[in-house]
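# Report on the structure
Read off the chains here:
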Amino acid sequence: MSSSLSNFIAADSEKCIGCKLCEIACSQAHSESTAFTVGALTSPILPRLYVVQTPEITVPVQCRHCEDAPCANCCPVSAISRKNGAIIVEKKLCVGCKTCMLACPFGAIELLPVYENGKPIMQPVLCEENESSVDEAPMLFAGKCDLCTDRAKGPACVEICPEKALSLIDPARMKRDRNIKAAMSFLNTSQNFS
Amino acid sequence: MTKVRELIKIDPELCTGCERCKDVCPVNAIFGKKGEPHRVESSRCVFCGQCVQTCSGYSSVLDEPETPRADKLRERGMFESTTEPLFAAYCAGDALEVAAALKTDKFSMVQCAPSVRVAIGEDFGMPAGSLTPGKMAAALRRIGFSRVYDTNFAADLTIMEEGHELLARISTDATLPMFTSCCPAWVRFMEQHYSDLLPHLSSCKSPQQMSGALFKTYGADIDGKAREEIYSVAVMPCTCKKYESARPEMSMDGYRDVDAVITTRELAYLIREAGIDFTSLPDEDFDRPLGTYTGAGNIFGVTGGVMEAALRTAYELVSGEPVPDTDLLFVRGGEGTRTAFITIEDKTFKVAVVAGLKYVAPLLEKVRAGEADVDFVEVMCCPSGCISGGGQPKVLLPTERDEVYMCRRKSIYSHDKDSKIRKSHENPDVQKAYADFLGEPLGHTSHKLLHTTYTKRDI
Ligand code: SF4
Ligand code: SF4
Ligand code: SF4
Ligand code: SF4
């Protein structure tokens, strides 16, 4: 277990063109089916990052894998934990209470339907009109970026982005690199003193 | 000229203005400011549908657009039962119209282009390039078509007509080089931008239109039907084939050769709507005679295929001997332009193959200047030929597209390799059609049914 800060994916809003390919690639990376054409999809596109488009900015937003993750702290059933340097939701444990969704300051969590073999999994819920009977509703879980830790080629969104707007940031390493750069520039400037 | 149908459209509610479609459009027909909804200028568009294949702006279930999904489906000519995600750039389809017509008492005849059979399985979860001619024929029969014929038959016929046309042009010093005319997007581009060079286009109709013309004459006779009883449908990998079938030149005595065109994707919608489990269908044969085909007919679906099929036959027509090797590897390849020589007896023919409309201009400029040193040119608008057409199953991730197209291409060639007959002029039912009905290549009946004319078009 390393003591370093967890990685996260950062997007460059200067580069992002809003094509949403990252969302599609993310959904594909988290789907059990092997469908690779639109017609063969048996579930909707369910991304774990969200391309935001406003008149001022176009950029995808996703989990920062906070060190003191509010979502994990507040989850009443302990479905969220830190694994392999990422904040992960255990799909099977999640009860869809939405507490983490409210707690995340970035809006990085969305309640997504659970699909198995091309069908949404349904669960019994209390009927609104009649308290004694039950109805069926799709089962939901808190879907969020898991840094594609199960994927050999790393995060799918980073790989697909045609504008190279996304990158996997290792904060500890980035800090060290910046320190070295600063030191070098210090060296250059100090040489000018003599 | 009446206003052309707006075949290729962009849904302003879904378009994010990313401009990726602009990058693939070979004729700069897409307009719009970055970050704002784009639009297609139909008068410029050649209807290739490459933008449809590229667009990744989709309608998310997490964020429903203003217009309800049901309305969007109707606008796109899709069944209400279709669940696939909707993308901003799309082709307005005809599956609803075909489904309705199949319920009437018309005698329906259907044809399928070669690249449909190497791709349709993908939309049912099969591996890339799965070869499924038999399942496709079975599905079409179950959907309710009275005759399940094949465009490949007419591809063989095209080789007969086009091959003789080329040799006639060479022997009479007529306009050369001759360009193929199978790809309607390419023909439209010529009519729009190089109308002075139209005499260079082969006068042959495309295989789709040759099939249609035969369905309503020869085919109708075989079944004892009148021309007006026939409903003629084509299943195509290409969105522009919808435009081609509607051209006024593509009809006879007021009857259209092809009444409706659906894409590979739309056939998949029809199969799903009918509740057919495609993957478990048995392999069935196409109906004869208009469904009999050779390996040469089948390779029309890839870039270089028309050229290869033509050379297999031309070699024999000129020399009286079969081509030494049926696999003419020198005309095969990918996107871009390639040239080759073939020596038949003491004559050397120079041929060129262009895949991707954006590569054709330099060659056309040379032809214009009278400096093109080439006899016969195949042009296809789409980057890998019809297997990469705008109506084919849409590959979700661009990183996988090349691999998928390669699988489709391999599958086309292996189907050719495994065919008992691999040369168009050896197709027994093509020979029979000439003997019983058409007479001879370039003859009177051929001329009337299988050849056409082109017109200058303004943009
Ligand atoms: S794939 Fe890249 S350019 Fe496209 S929306 Fe995502 S971050 Fe932006
Ligand atoms: S989902 Fe939100 S709260 Fe949870 S780790 Fe990510 S950013 Fe932090
Ligand atoms: S149509 Fe699609 S590819 Fe073109 S700009 Fe709009 S979202 Fe992008
Ligand atoms: S269909 Fe082809 S020609 Fe028309 S806008 Fe799309 S890419 Fe351009």
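Residue indices follow the written sequence of each chain, beginning from 1 at its first position. Note on labels: chains are lettered from A, ligands numbered from 1, in written order. Given that the model is predicted, a residue must reach a pLDDT of at least 70 before its local features are reported, and side-chain atom pairs must reach 80 or more before they are shown or counted; all residues, however, enter totals for whole chains, interfaces and linings. The side-chain values count all of the structure's non-hydrogen atoms but skip hydrogen atoms and water molecules.

## So, the overall build of chain B
Quick note on the threshold: Per the convention used, a helix needs a DSSP run of H or I reaching at least four residues, while a strand needs a run of E reaching at least two, with both numbered from the N terminus. We take the radius of gyration over the C-alpha atoms and set the globule estimate at 2.2 Å times the residue count to the 0.38 power. Relative accessibility thresholds used throughout: buried, under 20% of the residue-type maximum; exposed, over 50%; partly exposed, between the two (1.4 Å probe, protein chains only). Only heavy atoms matter for contacts: two residues are in contact if any of them lie within 4.5 Å across the pair. Computed with the Shrake-Rupley method and a 1.4 Å probe, the accessible areas treat only the protein chains shown as cover for residues. Residues scored as charged are limited to Lys and Arg (positive) and Asp and Glu (negative), so that His and the chain ends carry no count. Throughout, a charge is located at the NZ atom of Lys, the CZ atom of Arg, the CG atom of Asp or the CD atom of Glu.
Looking only at helices and strands, chain B features 16 helices and 14 strands. Computed over C-alpha atoms, the radius of gyration of chain B comes to 21 Å, within 12% of the 23 Å expected from 2.2 N^0.38 for 459 residues, which places it in the range of a compact globule. If one aligns the C-alpha atoms of chain B with their principal axes, the spans along those axes are about 70 × 50 × 40 Å. Split into buried and exposed, the 459 residues of chain B put 64% on the buried side. Within chain B, residue pairs in contact and separated by at least 24 positions form 75% of the contacts whose partners lie at least 6 positions apart. Working note: accessible area of chain B is about 16,900 Å², and carbon and sulfur atoms make up 50% of it. Looking at charge distribution, chain B has the averaged site of its 54 positive side-chain charges lying 3 Å from that of its 66 negative ones.

## Brief notes about the interface of chain A and chain B
The condition that has to hold: Two parts placed together each lose some accessible area under a 1.4 Å probe, and the buried area is that loss summed for both. We define a salt bridge as a contact between a side-chain nitrogen of Lys or Arg and a carboxyl oxygen of Asp or Glu at a distance within 4 Å. Think of a polar contact as two N or O atoms within 3.5 Å of one another; within protein, one of them needs to be a possible hydrogen donor and the other a possible acceptor, and neighboring residues in sequence only count if both atoms come from side chains. Residue polarity follows a fixed list, in which Ala, Val, Leu, Ile, Met, Phe, Trp, Tyr, Cys and Pro are nonpolar, Asp, Glu, Lys and Arg are charged, and the others, Gly among them, are polar.
Of the residues lining the interface, 25 residues belong to chain A; the matching set on chain B comes to 30 residues. Counting the surface lost from both chain A and chain B, the interface buries some 2,500 Å², and carbon and sulfur atoms represent 69% of this. Looking only at chain A, the three residues that lose the most surface to chain B are Ile17(A), Phe36(A) and Val38(A), adding up to 28% of its buried area. Counting across the chain A and chain B interface gives zero salt bridges. Connecting chain A to chain B are 11 residue pairs in polar contact (both at pLDDT 80 or more). Of all elements in the fold, only helix H1 (21–29), strand S2 (50–53) and strand S6 (110–113) of chain A reach the threshold of two or more residues within the side of chain A that touches chain B. It is H1(A) that contributes the most residues to the side of chain A that touches chain B, five residues altogether. For the side of chain A that touches chain B, the per-class residue count stands at 17 nonpolar, five polar and three charged.

## Let's talk about the site of ligand 3
Heads up, the rule is: If a single non-hydrogen atom of a residue is within 4 Å of a molecule or strand, that residue counts as near it.
Around ligand 3 sit Ile10(B), Cys15(B), Thr16(B), Gly17(B), Cys18(B), Glu19(B), Cys21(B), Cys55(B) and Gly57(B), and that is every residue in its neighbourhood. Residue classes in the shell around ligand 3 are distributed as five nonpolar, three polar and one charged.

## Focus: the side chain of Ser115(B)
Note on placement: Ser115(B) falls in the loop between strand S5 (107–112) and helix H5 (133–143). Other than its neighbours up to four places away in sequence, Ser115(B) contacts Pro237(B), Gly301(B), Cys386(B), Ile387(B), Gln392(B) and Ile412(B).

## Some remarks on the site of ligand 2
Cys63(A), Arg64(A), Cys66(A), Ala69(A), Pro70(A), Cys71(A), Ile87(A), Cys104(A), Phe106(A), Ile109(A) and Lys144(A) make up every residue found near ligand 2. Residue composition of the shell around ligand 2, by class: nine nonpolar, no polar and two charged.

## Describing the sheet that holds strand S12 (residues 336–344) of chain B
Residues and elements named next belong to chain B. Here is the rule we go by: When DSSP finds at least two bridges between two strands, those strands are taken to pair.
Spatially, S7-S14-S13-S12 is the arrangement adopted by the four strands of the open sheet, whose pairing is mixed. One side of each edge strand has no neighbouring strand; the edge strands of this open sheet are strand S7 (178–179) and S12. In this structure, S12 lies alongside strand S13 (residues 347–355), joined through nine bridges in antiparallel fashion. Bridge pairing in S13 links Ile-342 to Phe-349.

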